[in-house]
Amino acid sequence: MRPKNFPLQCLYVQVWGFAHKMVADNHQLLFAERALLADGWADDVVFAIGADGRIATVERGASAVGAKRLGGPVVPAVADLHSHAFQRAMAGLTAVAGQGDDSFWTWREEMYRLVSLLTPDDVTAIAAKLQIELLKGGFGRVAEFHYLHHGADGRAYAAPAEMSLAVLQAAELSGIGLTMLPVFYAHSDFGGAAPTAGQRRFIHDVDGFLTLLHGLVEPCRSVGARLGLAFHSLRAVTGDEIATIMETVPVHAPVHIHVAEQEREVAASIAHSGRRPVERLYDIAEVDERWCLVHATHVTDAEVAMIVGSGAIAGLCPTTEADLGDGIFPAVDFLGAEGRFGVGTDSHVATSVAGELRLLEYGQRLRDRRRNRMAGRPGASVGRTLFERVLAGGAQAAGVAEAGLSVGAPADLVVLDGRSPYLASVEGDTIIDRWIFGGIGPAVRDVMIGGRWLIEDGRHPKDEEIDRAFAAALARLRA
Ligand code: NGQ
Ligand code: ZN
């Protein structure tokens, strides 16, 4: 219906259209009826996105005129802090029972079988597909914990970074933000035990690893990926190796490690050094805010205090930890102690922000036989508390200075689907609770990363091409 005051509104449109245009010459203007900004929910927000892909201005209570109207509530994209992209190819393929003793360790044998088959092209195809799925799940960046380095015979490729470059290429196809974490892996168990045949594609000596790392500086820079590094686990590296490598790491690069995931690993650590894995790590390394302790499932109160005190991130991967039968991290205590944490999709048996946050909360509920464990304080929304924490924790672990939708931050934003009656009928934190706990189906409509629309109305422009390459890789791997 035409409004009665049409001529006046027309004038208003022109005035505001002009005002916006001043900014719009080299900015995109986006209007959101509701947006979760760094300091909370705001209404009628106009974001100006600069040509550098960052948020130039944020105006609240603004007019939509001259701006692109977004299709639902806007939240910041979250960083997925732990990924082994290639494992997406085996999602759902390890659910047939063996001889009754199926465990993390028997799963690992199945995973090593996949490892033995993969080519660099397979890795690009699988990673590109995965990264698009992650975008559609509300992640804007992924930290790739990359340890598949060499050819099937264990010999380095002619270009030693070949496999890392395969992951970078995937990120160029998908457009997702990438934090590349080449992994140092040298041994099969505590005490520097020799690697097994199944691990031969992972193995470096310290010099070989540093060469790989240096060789990745320029490729990462040229595609806009951040570069950090990882130690596979305390099983795979010695204290001396950690010390030598850390001497060469730039101060701000992220450093990740798997730790204390399985009880067998805790027992092996105690047998080897008399110390539990997290205690041992703090003995041999100066753990600080650069560090992300992936899983950290089996920790005592004293170890929780160590992690919290160091400012390191606990890298929780709830769906993979459930799939592998790892155990339940003491997240309620950790949150209560103001510990910093983020989430990763790890082996990618699920690929969404909502999926990880839901299971993180539900694990605590199942253990405690109580509800609303991760709210932090009375009256707070569990969804909002979790979302806020993993937004900050994910950014820290991925080596990104700014998290959230504020001036100067990268324009990494997720538009939830305002057409969903579940989302359209609520406001504020309830939007996040419905997204995570409502079982409302795929809720992510559009995703912008670094000022570029990558997902629009649930679709990525390269969906068909990437699906075809992924299907071909799966067919080859299953043949
Ligand atoms: C990995 N994954 O490196 O992919 C490990 C399993 C290991 C998880 N821990 C192998 N979820 O830890 O030895
Ligand atoms: Zn992992």
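None of the values given here were measured: they were computed from a predicted structure.

Student: Just checking my understanding: could you explain the packing of aromatic side chains for this structure?
Tutor: Two descriptors summarise a pair of aromatic rings, namely the distance from one centre to the other and the angle between the planes of the rings. Taken as a whole, this structure holds twelve aromatic pairs when the rule is applied. When the centroid spacing of 5.9 Å and the interplanar angle of 35 degrees are considered together, the rings of Y362 and F437 count as tilted. Here the residue Y362 occupies a position in helix 12 (residues 353–368), and F437 occupies one in helix 15 (residues 429–437), the gap between them amounting to 75 residues. Residue F437 is classed as partly exposed on the basis of its relative accessible area of 23%. Judged by centre distance (5.9 Å) and plane angle (55 degrees), the rings of F387 and W435 are tilted. Taken together, the residues F387 in helix 13 (residues 382–397) and W435 in helix 15 connect sequence positions 48 residues apart.

Student: Mind showing me how you'd approach the pairing of strand 8 (residues 177–184) here?
Tutor: A regular strand carries its side chains on alternate faces of the sheet. Taken across its eight residues, strand 8 has eight buried, putting it largely inside the fold. Across the two faces of strand 8 the burial is the same, with G177, T179, L181 and V183 and L178, M180, P182 and F184 all buried. Across six bridges, the pairing between strand 7 (residues 139–146) and strand 8 is parallel. Across the sheet, residue V142 finds its bridge partner in strand 8, namely L178. Of the crossover connections in this fold, the one passing from strand 7 over helix 4 (residues 162–174) to the parallel strand 8 is right-handed. Relative to strand 10 (residues 229–233), strand 8 runs parallel, the two being bridged by two bridges. Of the residues in strand 10, the one forming a bridge with V183 is A230.

Student: Got a minute to help me understand the site of ligand 1 in this structure?
Tutor: Looking at ligand 1, there are 15 residues lining it, with R108, Y147, H232, R235 and E261 nearest. At 3.5 Å from an oxygen atom of ligand 1 is found a side-chain nitrogen or oxygen belonging to H84. Here a nitrogen atom of ligand 1 sits 3.1 Å away from a polar atom, N or O, in the side chain of D346. Relative to its unbound accessible area of 340 Å², ligand 1 is 99% covered by the protein chains. Here the element with the most residues in the shell around ligand 1 is helix 2 (residues 104–115); it accounts for four residues. A class-by-class count of the residues in the shell around ligand 1 yields five nonpolar, six polar and four charged.

Student: What am I meant to see in the packing of helix 13 against helix 15 here?
Tutor: Packed helices, taken two at a time, are described by their axes: the angle between them and the distance between them. Interhelical geometry of helix 13 versus helix 15 gives an angle of 85 degrees and a closest axis separation of 7 Å. In terms of orientation, helix 13 and helix 15 fall into the roughly perpendicular class. For the pair helix 13 and helix 15, contact is made by V382, G383, R384, L386 and F387 and by D429, I432, D433, W435, I436 and F437, respectively. In terms of residue class, the contact of helix 13 with helix 15 is made up of seven nonpolar, one polar and three charged.

Student: Can you help me understand the pattern of salt bridges in this one?
Tutor: It is possible for side chains of opposite charge to pair when their charged atoms get near one another. Applying the stated rule across the entire model yields 27 salt bridges. We note a salt bridge from D153 to R155, for which the minimum N-O separation is 3.8 Å. Between E388 and R384 there is a salt bridge, with the nearest N and O atoms lying 2.8 Å from each other. Here R384 and E388 lie together in helix 13, a separation of four residues that amounts to about one turn. Linked by salt bridges that have partners in common, K136, R459, D463 and E464 make up one network.

Student: Quick question: what am I supposed to make of the confidence of the model for the protein chain here?
Tutor: When pLDDT is averaged along the protein chain, the result is 94, and 95% of the positions lie at 70 or above. Predicted confidence is poor over residues 1–22, with pLDDT under 50, and the contacts of this stretch with residues over four places away or in other chains come to eleven contacts.

Student: What is the right way to look at the pairing of strand 12 (residues 291–295) in this model?
Tutor: Burial within strand 12 is extensive, with five of its five residues counted as buried. Where strand 11 (residues 255–259) and strand 12 come together, five bridges link them in parallel fashion. Paired with H258 across the two strands is V294, which belongs to strand 12. The sheet contact formed by strand 12 and strand 13 (residues 313–316) spans three bridges and is parallel. Bridge pairing in strand 13 places L293 opposite A314. Regarding the hand of the β-α-β motif, the stretch spanning strand 12, helix 9 (residues 301–310) and strand 13 is right-handed.

The rules behind each value
Residues numbered from 1 in each chain as written. Chains lettered and ligands numbered in written order. Predicted model: local features only at pLDDT ≥ 70, side-chain atom pairs only at ≥ 80, totals over all residues. Heavy atoms only, no water. Phe/Tyr/Trp six-rings, centres within 6.5 Å; stacked < 30°, edge-to-face > 60°. Helix = DSSP H or I, 4+ residues; strand = E, 2+ residues; numbered from the N terminus. Buried < 20%, exposed > 50% of the residue type's maximum accessible area, 1.4 Å probe, protein only. Pairing = 2+ DSSP bridges. Right-handed = clockwise from strand over helix to strand, strands pointing away. Near = heavy atom within 4 Å. Polar contact = N/O pair within 3.5 Å; in protein donor to acceptor, adjacent residues only side chain to side chain. Areas by Shrake-Rupley, 256 points an atom, 1.4 Å probe, with all protein chains shown as cover. Nonpolar A, V, L, I, M, F, W, Y, C, P; charged D, E, K, R; others polar. Axes fitted to C-alpha atoms, helices over the stretch in contact; angles between N-to-C directions. Parallel < 35°, antiparallel > 145°, perpendicular 65-115°, else oblique. Contact = heavy atoms within 4.5 Å. Salt bridge = Lys/Arg side-chain N within 4 Å of Asp/Glu carboxyl O. pLDDT = per-residue confidence, 0-100.

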